[in-house]
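Results of the structural survey
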Amino acid sequence: MSDVEITLAKTALFDAHVALAGKMVPFAGFEMPVQYKLGALKEYNAVRDGEAGIFDITHMGQVRVSGNDALAYLQYVTTNDVSKLVDGQVQYSALLNDSGMFIDDITTYKISDVEYYLCINAANRYKDVAHLQAEAAGFDVSVVDESDDTTLLALQGAAAQAALQPLLDRDLESIGYYKFAQVKVGGVAGIVSRTGYTGEDGFEVYIPNSIAVDVWDDLLQNGAVPIGLAARDMLRTEMGYALYGHEISDAVTPVEAKLMWITKLDKGNFIGKAAVEARKSAGPQQRLIAIKLVGRGIPREHYPVSVDGALSGEITSGMFSPMAGGVALAYVKPEHAESGDLSVEIRGKQVAAERAKLPFVRSNVRR
Amino acid sequence: MTIPANIKYTKDHEWVRIDGDIATFGITDHAQEALGDIVFVELPEVGRTIDAGEAYAVVESVKAVSDVYAPIAGEVVEVNEGLEGEPEKVNTDAFGGGWIAKVKVSGDGSVELMSDDEYTTFLEE
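These notes cover the structure that comes with them. Note that this is a predicted model, so its numbers are computed, not measured. (Residues numbered from 1 in each chain as written. Chains lettered and ligands numbered in written order. Predicted model: local features only at pLDDT ≥ 70, side-chain atom pairs only at ≥ 80, totals over all residues. Heavy atoms only, no water.)

**Focus: the overall build of chain B**
Note the threshold: Helix and strand assignments follow DSSP, with helices taken as H or I runs no shorter than four residues and strands as E runs no shorter than two, numbered in order from the N terminus. The atom set for the radius of gyration is the C-alpha atoms, and the globule formula is 2.2 Å times the number of residues raised to the power 0.38. Three exposure classes are used, based on accessible area relative to the maximum for each residue type with a 1.4 Å probe and protein chains only: buried under 20%, partly exposed in between, and exposed over 50%. Contacts are residue-level and defined by heavy atoms, with any inter-residue pair within 4.5 Å sufficient. We get accessible surface area from the Shrake-Rupley algorithm with a probe of 1.4 Å; when it comes to residues, only the shown protein chains can shield them. Counted as positive: Lys and Arg. Counted as negative: Asp and Glu, with His and the chain ends omitted from the count. Positions of charges follow a simple convention, taking NZ of Lys, CZ of Arg, CG of Asp or CD of Glu.
Each helix and strand in chain B was counted, giving four helices and nine strands. Taking 125 residues into account, the globule formula puts the C-alpha radius of gyration at 14 Å, and chain B, at 13 Å, falls close to it. Its C-alpha atoms give chain B principal-axis dimensions of about 35 × 35 × 20 Å. In chain B, buried positions account for 45% of the 125 residues. Long-range pairs, those at least 24 residues apart, make up 64% of the contacts in chain B with a sequence separation of at least 6. Of the roughly 5800 Å² of accessible surface on chain B, 43% is carried by carbon and sulfur atoms. Separation between the mean location of the 8 positive side-chain charges and that of the 27 negative ones in chain B comes to 2 Å.

Shown next as structure tokens:
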């Protein structure tokens, strides 16, 4: 036994994962299933081929922001324009530091003019909450971390709605893309949004831990297939969705990460705005591009990327896509974003690659 | 999990079948199960001389990249090109269609080899 023991958190569904032969691994401070008995490829196929995949993503954090200044506060701490949200709408956004670098990417749920709900990344939870609470000074808001009480499930795939509907008191057909509703799940209050991280139609379901096992079991009963972290990462990478610690971090701004579409410079002041404006006019230091391997092999995170034979950057996420082959996201020098011959160094050899359009495979989200 | 009787095993979970002066290499059922779905195999070049214990191939699963080590020294005389199109054979038929390379044994040594019984005990330890 080692001298240092790291205590990993378990979600309310830990025993359920183990019962399904989930291979548990440390992830963002939790023990989470990287795959179940089916294996990553079959789990991936289930989601892409019309079934309903069920994911325990309870490691994600939730923060409730309420008070008379909730809108003004969120306009100041997040990058997107919160004033554009209507009640029941979800918005992809980010928290930046004063240097314009990412603290996290988040989703903002508008419950009412005085109440919002934020979903944040697991690994960034304590950092985010400390930041959000520190910046709340001077605003009439309360910022409450509800992560420990909340189970978050994602149901993704063409059959997601059919699997979830029987549990709810609300017609899911009435919830559009990036919309949500406060619902009763088996009589208990929860939130359901038509959102996800896979490129398929589907939902994210926030419920209290006390009913997590019952809801999980009911969804399995309705045909949902449990999906681990490995397949989840394949599905999100194929869509080109950014993941904190990979495409975005406290070393890049939205200018580099191609996330200016969630960074509204015309909405008034917000944390990091001046730095982003400066970076925008100076030009990005690197640019995120999508690449596809032409030669054989699998591009992986941190593999060097060269342009015209000279080192230009590195891969941030890379994988074997059953539908698209070897695909990756990479940062390269700005002058190489659109031209020059690409290659990826795999075990000392240069393997030819080409620029690709995102998503790598067709998205089936319901717009 | 299967552990065939007529072949030898290494502590790194490779297997070797010796037939005259030709040795066939692969990874064990235990290894493929631990790795998960294999999506790519990098084969050695025919004609390459490899030492016992040298990394001669690479198998990649969805999440991991793993070196495969040679149980016995020799010269690569044939590789399983079928794995280029069907790497999953390493998962589905680890001791048969999932073989990786055939080597002409040079007599320059081997790593410690175990019988099926010894490997079974090794896995239980």
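Back to the write-up after that little detour.
**A few points about helix α3 (residues 70-77) of chain A**
Among all positions of α3 of chain A, only Ala70, Tyr73, Leu74, Gln75 and Val77 of chain A are buried. The inward-facing, buried residues of α3 of chain A contact β4 (61-66), β5 (89-96), β6 (102-112), β7 (115-120), α4 (125-135) and β8 (142-145) of chain A.

**A look at the nonpolar core**
Our working rule: Residue types Ala, Val, Leu, Ile, Met, Phe, Trp, Tyr and Cys, when buried and joined through side-chain atoms within 4.5 Å, form a set referred to as a nonpolar core. The source of the domain bounds is an automatic or database domain assignment.
Ranked by size, the top nonpolar core spans 57 residues in total, and within it Phe55, Phe102, Tyr109, Tyr206, Ile248 and Leu259 of chain A together with Val62 of chain B carry the most contacts. The dominant element in this core, judged by the number of residues it contributes, is helix α7 (residues 229-239) of chain A, at six residues. Formed jointly, this core draws a minimum of three residues from each of two domains, domain 1 (14-57 + 149-239) and domain 2 (286-355) of chain A.

**Some points on the sheet that holds strand β4 (residues 38-42) of chain B**
Residue and element names in this part refer to chain B. The cut-off we apply is this: Any two strands are treated as partners once DSSP identifies two or more bridges connecting them. In this description, a line fitted to the C-alpha atoms serves as the axis of each element, helices being fitted only across the stretch in contact, and the angle between N-to-C directions of two axes falls anywhere from 0 to 180 degrees.
In space, the three strands of this open sheet follow the order β4-β6-β7, with antiparallel pairing throughout. The sheet terminates laterally at β4 and β7 (65-69), the two strands that pair on one side only. Adjacent strand axes in the sheet meet at a mean angle of 25°, parallel and antiparallel pairs treated alike. For strand β6 (residues 55-61) and β7, the ladder comprises five bridges, and the chain directions are antiparallel. From the neighbouring strand, Ala57 faces β7, where its bridge partner is Val68.

**Details of unusual backbone geometry**
Between Leu358 of chain A and the following residue, Pro359 of chain A, the backbone shows a cis peptide bond with an omega angle of -10°. Residue position: Pro359 of chain A is located in the segment after β19 (349-355). Even without being a glycine, Arg347 of chain A presents a positive backbone phi close to 50°. With respect to the helices and strands, Arg347 of chain A occurs in the loop between β18 (342-346) and β19. Positive phi values are uncommon outside glycine, yet His13 of chain B reaches one of about 70°. In this fold, His13 of chain B is placed in the loop between β1 (8-9) and β2 (14-19).

**Quick notes on the pairing of strand β16 (residues 310-321) of chain A**
A regular strand places its side chains on the two faces of the sheet in alternate fashion. Residues and elements named next belong to chain A. The sheet contact formed by strand β15 (residues 304-307) and β16 spans four bridges and is antiparallel. Residue Pro304 lies in a different strand from β16, and its bridge partner there is Glu314. Connecting the antiparallel pair β15 and β16 is a turn made up of two residues, with Asp308 showing a positive phi of about 50°. In this structure, β16 lies alongside strand β17 (residues 325-332), joined through seven bridges in antiparallel fashion. By the bridge assignment, Ser317 is partnered in β17 with Leu329.

By themselves, these observations are geometric and do not establish any function.
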